[in-house]
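# Fold and contact review
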Amino acid sequence: MSATYLSYLYSFLIDNVLILMIGMLGVYVLTGLTGMFSMGQAAFMAVGGYAAAMLSKYLHMPLLVTMPAAVLTGTLFGFLIGLPAVKLRRDYVAIVSLGFSEALVAFLNNTASITGGALGLTAVPKYTTRPMIIVIFVLMILFIWNLKNSRFGRECIAIKSDELAAASMGIDVARVKLLVFTLAGAISALGGCLYVHTTTYLDSAAFGWTQSSMWIVMVFFGGVNSLTGSVFAGIVLGLIPEIFRFSDALRIVIYCIIVLFIVNFRPQGLFGETELDRKTIKRIALAVGRFFKRVFAPSQAQEAEQG
Amino acid sequence: MGMLLEVYNLSKSFGGVRAVRDVSLSMDSNQIISIIGPNGAGKTTIFNLISGIYKPDAGRILFMGKDIVGKPQHEIARMGVSRTFQNIRLFKGLTVLENVMTALDAESNYSVFSAMLGLPHKRQIDKTNMLRALEALQIVGLSKYRDEHPTDLPYGLQRRVELARAIVSQPKLLMLDEPAAGLNPSELAAFIGLIAELKQRFGFGILIIEHRMQVVNELSEHIYVLNFGNLLTHGKPQEVCNDPEVIKAYIGEDSSSVTNQKSLCQL
């Protein structure tokens, strides 16, 4: 592996994988934590992306304006789509969100004079830098980590596990669901804003249901309750198509096989419910240490174990 | 100030099945009341009506003098009505401690932003709640299982996690749906002691659905007997378990011989 290839992978990781993963974090909150399936989460990314793109391209607004505007638009749309969705059963939530996303793409395609339609919107100002993306990405993970370890995280998991019991604990199920929908919209819209200011190009085709279902795959691949699992899965699955670029036709096949293997042999996801926190890292480090001791100095290890 | 719970002429049908017909009951704080009756008598339906899962077709339910019919489940819970379920309903994906904490989370008032930023007052509230949850776990004797997942625990312990979750918010009315099901005799004795102790300590009203007559007779001050959705009779344990109508409902029509020799008190 040459240095140029590595640096290419690095830039790919940040410009494509990390930005799209901010959109995935919305799916993590919605599907991973609360158990609501959104088959159209990418539409919220489009909402944020178009808001940021149009503000910066036509009105020459700086990032300090476009980013809050994108997040606000995502919040608003999340709230509006959430209002009908939270009253429905799980499977219907998926259909509502899918309908929203397809409708949005159709809308974008038919308003070509402002949105560029299927041809896309080009020459959007590039505002982001790689360190900036990394910082925002890490911050988002921290925020969601904190959220998971708060009353909201517990309420979400309770709702996912048993809505009726959750309500009898005094949890306002509809309110929490609406909150989560709104929050997921905001998070994904933030991803859209970063996306458009990085690629400087935006077209409606990038935000169809394939992207949304990719995110669901990532969350399930990593383990539904595990934020670190989802992030790990997002990075691995995001990089796989690039790593196997040499075998162009096969890379999608390889990707699918890996996903199938996980779903079949570890249905709870790679990490299951476990988080890669300090405790788990310590446990893994100890296990690895014991393993190496046994491999490289078997006699000493035996003595140590006996003593 | 009226009674803790007053139920008047409660009725509920599911399709053609009249699950609960014209049932009235009342209870006060610091009292243990039992509802007994054969399977399908409508006992759990009454719980579901009181806790707001179903809406009654007719009748009134007053909790501390306030009409709670039609209020959503979570509001009734927040007023101080808490319950356990016949088939255990603990939250998968949360530890034992977190399960108990969920009953307090609805009351804690910090915003989603303070949660995401981990602000000090959020941490303060969560810490207080954690200590309260630990105390509840200690009362039911489960402190050492705090970080386990409930699905990894044996059945009897899962029941106690549910109990801890139900009492942690210090409700005014505690409803237990067949809490002693599946317990062995020594667990049963310990359980009866625990419930009596809880009543002493917190003074809440406890409404129990139970099949095990030992639990009912030893704990309750008053028993309501349901059969096919109707209130058959009610009274003190001694009166009820010697009542021939009750024995007929439990053992069957053709049990005159049994009736003469035995009462439900010995079951």
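For clarity, every value in this text was computed on a predicted model and none was experimentally measured. (Residues numbered from 1 in each chain as written. Chains lettered and ligands numbered in written order. Predicted model: local features only at pLDDT ≥ 70, side-chain atom pairs only at ≥ 80, totals over all residues.)

### A short note on the overall build of chain B
Of the regular secondary structure elements, chain B holds 11 helices and 10 strands. Whereas a compact globule of 267 residues would reach a radius of gyration of roughly 18 Å, chain B reaches 20 Å, a difference of no more than 12%. C-alpha atoms of chain B, sized along the principal axes, occupy 70 × 40 × 35 Å. Per-residue burial for chain B yields a buried fraction of 42% across its 267 residues. Within chain B, residue pairs in contact and separated by at least 24 positions form 64% of the contacts whose partners lie at least 6 positions apart. (Helix = DSSP H or I, 4+ residues; strand = E, 2+ residues; numbered from the N terminus. Rg over C-alpha atoms; globule rule 2.2 N^0.38 Å. Buried ≥ 20, exposed ≤ 12 C-beta atoms within 10 Å, placed from the backbone. Contact = placed C-beta atoms within 7 Å.)

### Points about helix α13 (residues 278-296) of chain A
Over its 19 residues, α13 of chain A runs 27 Å from end to end, which matches the ideal 27 Å to within 8%, given 1.5 Å per residue. Little of α13 of chain A is tucked away: zero of the 19 residues are buried. (Expected span 1.5 Å × (residues − 1).)

### Observations concerning the sheet that holds strand β2 (residues 17-27) of chain B
Residue and element names in this part refer to chain B. Read from one edge to the other, the open sheet built from four strands follows the order β2-β1-β4-β5, with strand pairing classed as antiparallel. Each edge of the open sheet is held by one strand with a lone partner, namely β2 and β5 (66-67). Bridge count between strand β1 (residues 5-14) and β2: seven bridges; the pairing is antiparallel. When the sheet's bridge partners are listed, F14 is paired in β2 with V17. Where helix α1 (residues 43-50) meets the sheet, it contacts β1, β2 and β4 (58-63), and its direction lies at approximately 65 degrees from that of β2. (Pairing = 2+ DSSP bridges. Axes fitted to C-alpha atoms, helices over the stretch in contact; angles between N-to-C directions.)

### Some points on the interface of chain B and chain A
At the junction of the two partners, chain B supplies 27 residues and chain A supplies 25 residues. Elements that contribute at least two residues to the side of chain B that touches chain A include exactly α2 (73-79), α3 (96-105), α4 (112-117) and α5 (120-139) of chain B.

### Some thoughts on the environment of I139 of chain B
Residues and elements named next belong to chain B. Among the secondary structure elements, I139 is positioned in helix α5. Its 19 C-beta neighbours within 10 Å are what place I139 among the partly exposed residues. As a C-alpha pair, I139 and Q73 span 66 residues in sequence and 27 Å in three-dimensional space.

### Quick word on the pairing of strand β8 (residues 205-209) of chain B
All names here are of chain B. Burial within β8 is extensive, with five of its five residues counted as buried. Burial of β8 is two-sided: the residues G205, L207 and I209 facing one way and the residues I206 and I208 facing the other way are all buried. Alignment of strand β3 (residues 32-36) against β8, held across four bridges, turns out to be parallel. When the bridges of β8 are listed, I33 appears paired with L207. Examined bridge by bridge, strand β7 (residues 173-177) and β8 share five bridges and lie parallel to one another. Looking across to β8, one finds that M175 is bridged to L207. For the segment spanning β7, helix α7 (residues 185-202) and β8, crossover handedness is right-handed. (Right-handed = clockwise from strand over helix to strand, strands pointing away.)

### Focus: the environment of I53 of chain B
Positionally, I53 of chain B belongs in the loop between α1 and β4. Classification of I53 of chain B by C-beta neighbours within 10 Å gives partly exposed; the count is 16. As a C-alpha pair, I53 of chain B and Q73 of chain B span 20 residues in sequence and 6.1 Å in three-dimensional space. If near-sequence neighbours (up to four positions away) are discounted, I53 of chain B is found in contact with L164 of chain A together with N48 and Q73 of chain B.

### Focus: the domain arrangement of chain A
Domain boundaries in chain A define domain 1 (3-275) and domain 2 (277-307). With centres defined by C-alpha atoms, the gap from domain 1 of chain A to domain 2 of chain A works out at 39 Å. (Domains from an automatic or database assignment.)

### Quick look at the sheet that holds strand β9 (residues 222-227) of chain B
Residue and element names in this part refer to chain B. Spatial ordering of the open sheet is given by β6-β7-β8-β3-β9-β10, a layout of six strands whose pairing is mixed. Only two strands of the sheet have a single neighbouring strand rather than two, namely β6 (81-83) and β10 (230-235). Neighbour-to-neighbour, the strand axes of the sheet open up by a mean angle of 20 degrees, direction not taken into account.

### Remarks on the domain arrangement of chain B
Residues and elements named next belong to chain B. Under the domain assignment used here, chain B contains domain 1 (1-80 + 171-267) and domain 2 (90-166). Spacing between the C-alpha centres of domain 1 and domain 2 amounts to 28 Å. Contact residues are listed per partner, giving eight residues for domain 1 and seven residues for domain 2. Secondary-structure elements contributing two or more residues to the side of domain 1 that touches domain 2 are α2 and α7. In the side of domain 1 that touches domain 2, the residues fall into four nonpolar, two polar and two charged. (Nonpolar A, V, L, I, M, F, W, Y, C, P; charged D, E, K, R; others polar.)

### Quick look at the packing of helix α2 (residues 41-58) of chain A against helix α3 (residues 63-85) of chain A
Geometrically, a packed helix pair is captured by the angle between its two axes and the distance between the axes. Residue and element names in this part refer to chain A. Contact pair α2 / α3: the axes reach a minimum separation of 8 Å and the direction vectors enclose 145 degrees. As α2 packs across α3, the resulting crossing turns out to be right-handed. Where α2 abuts α3, its residues F44, V47, G48, A51, A52, L55 and S56 lie against V65, T66, M67, A69, A70, V71, T73, G74, F77 and G78. When the residues that make up the contact of α2 with α3 are grouped by side-chain class, the tally is 11 nonpolar, six polar and no charged. (Left-handed = near helix turned anticlockwise from the far one by under 90°.)

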